[in-house]
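# Topology and contacts: notes
So you can see what is in the structure, the chains are spelled out below.
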Amino acid sequence: MKKIFTIIIAFTFFSCAEMNQVIAQLPQSQGVNSIDIASGLKEALNNGITKQVSKLTATDGFYKNAAVKILLPAELQKVDSGLRKVGLSSLADEGIKALNRAAEDAVKEASPIFVSAVKNMSFNDARGILMGSENSATSYLQNTTSTALYAKFNPVVKNSFSKVGADKVWSNIITKYNSLPLVSKVNPDLNDYVTNQAMSGVFKMIAVEEKDIRTNLSARTSTLLQKVFAMQDKK
């Protein structure tokens with residue numbers, strides 16, 4: 001009888017220990033579960049897309065935003081300086097503006113891609129992202145969507161170049177520069193460059209909103225955001 005009783009006690013303690021281990025691993029704290037965490041992170045990212053990325057679609061959204069303004073790639077720095085030396089500064093300025101206009105126009109078409117990507121965030125990644133660095137959610141989104149985004153974004157940028165007249169502006173710039181004496185001819189892939197720069201700008205603005213929500217209590221504009229991000233405040 002004592003043996004049976006001992007076995008029962010041992011089994012009971014073992015079961016409690018196992019159960020406690022399982023409970024400890026569950027992403028729950030003060031009524032916050034995996035679904036809440038994932039939903040909170042998705043809300044935070046969607047806020048970034050709605051509140052911050054939408055600013056980029058406005059006229060001068062890129063051009064007058066120092067954080068994301070698209071400057072000339074290294075290959076074209078000599079083009080810029082070369083044109084300015086021969087009195088074509090206005091043409092050089094127009095070229096930079098045209099790149100930013102293309103990005104501003106492209107982001108209007110690309111935002112739904114980001115929204116769709118946010119919806120696909122899994123529960124398994126949610127807690128690690130929540131308890132990570134100030135831009136963990138943005139980094140996750142960037143790492144998991146960049147390849148697909150580029151494939152969809154690049155044609156949009158190409159169309160935008162034509163739509164805002166950037167293709168004609170840059171064709172004129174390159175033609176004039178290449179006609180200057182003693183210069184090395186250039187033929188840059190501006191579609192690729194602007195695509196990457198526009199994507200970088202989008203992620204940067206999403207990160208701005210994520211950081212704000214993580215560090216600024218007043219930026220947590222819903223009960224869900226307040227409840228979920230209170231967990232990371234205590235880490």
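What you see is a predicted model; the values in this text were computed from it and never measured.

Scoring rules and cut-offs
Residues numbered from 1 in each chain as written. Predicted model: local features only at pLDDT ≥ 70, side-chain atom pairs only at ≥ 80, totals over all residues. Heavy atoms only, no water. Salt bridge = Lys/Arg side-chain N within 4 Å of Asp/Glu carboxyl O. Helix = DSSP H or I, 4+ residues; strand = E, 2+ residues; numbered from the N terminus. Buried < 20%, exposed > 50% of the residue type's maximum accessible area, 1.4 Å probe, protein only. Core = buried A, V, L, I, M, F, W, Y, C linked by side-chain atoms within 4.5 Å. Contact = heavy atoms within 4.5 Å.

## Some points on the pattern of salt bridges
When the charged atoms of two side chains lie near each other, side chains of opposite charge can form a pair. One pass over the structure, following the stated rule, counts 11 salt bridges. Residue D105 pairs with K163 through a salt bridge whose shortest N-O separation is 3.3 Å. Of this pair, D105 sits in helix 4 (residues 89-119) while K163 sits in helix 6 (residues 136-163), and the two are 58 residues apart along the sequence. We classify D105 as buried; its relative accessible area is 8%.

## Description of the nonpolar core
Counting residues in hydrophobic clusters, the biggest one holds 66 residues, and the most contacted among them are L41, L99, F114, F153 and W170. Of all the secondary structure elements, the ones that give two or more residues to this core are helix 2 (34-56), helix 3 (74-85), helix 4, helix 5 (123-130), helix 6, helix 7 (166-178), helix 8 (190-215) and helix 9 (223-233). Residue contributions to this core peak at 14 residues, all from helix 4. Setting aside its immediate chain neighbours within four residues, F114 contacts I49, L141, L149, V202, F203 and I206.

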